[in-house]
Amino acid sequence: MHIDKLRDSFPDDNVCRQFLESVIWAGCRLCPGCRYDKSYAIRGKTARAGLY
Ligand SMILES: [Zn+2]
């Protein structure tokens, strides 16, 4: 794959993170510790993207 094509597919960190999440979790987000499947995105001024 050409680097320019890769760059077009992942224009920013958020898009890249969402892609990796879809690969890792495949639509079902599980806690790595206890396998619990109910979680929500943590939002707020001090929360970075990708926290659940
Ligand atoms: Zn857990």
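This text follows the structure it describes.
Computed from a predicted model, the values in this text were never measured in an experiment.

Rules used throughout
Residues numbered from 1 in each chain as written. Predicted model: local features only at pLDDT ≥ 70, side-chain atom pairs only at ≥ 80, totals over all residues. Helix = DSSP H or I, 4+ residues; strand = E, 2+ residues; numbered from the N terminus. Rg over C-alpha atoms; globule rule 2.2 N^0.38 Å. Buried ≥ 20, exposed ≤ 12 C-beta atoms within 10 Å, placed from the backbone.

Asks: Would you explain the overall build of the protein chain in this entry?
Replies: When helices and strands are counted, the protein chain shows two helices and zero strands. A compact globule built from 52 residues should have a C-alpha radius of gyration of about 10 Å, whereas the protein chain, at 14 Å, is more than 25% larger. Overall size of the protein chain, expressed as C-alpha extent along the three principal axes, is 40 × 25 × 15 Å. Buried positions account for 0% of the 52 residues belonging to the protein chain.

Asks: What should I look at first to understand unusual backbone geometry in this one?
Replies: Backbone phi values are negative for most residues with the exception of glycine, while trans is the configuration of most peptide bonds. For A26, which is not a glycine, the phi torsion comes out positive at approximately 50°. Residue placement: A26 occurs in the segment after α2 (13–25). The exposed category is assigned to A26, around which 9 C-beta atoms lie within 10 Å. Positive phi, close to 70°, is recorded for R35, a residue that is not glycine. The topology assignment puts R35 in the segment after α2.

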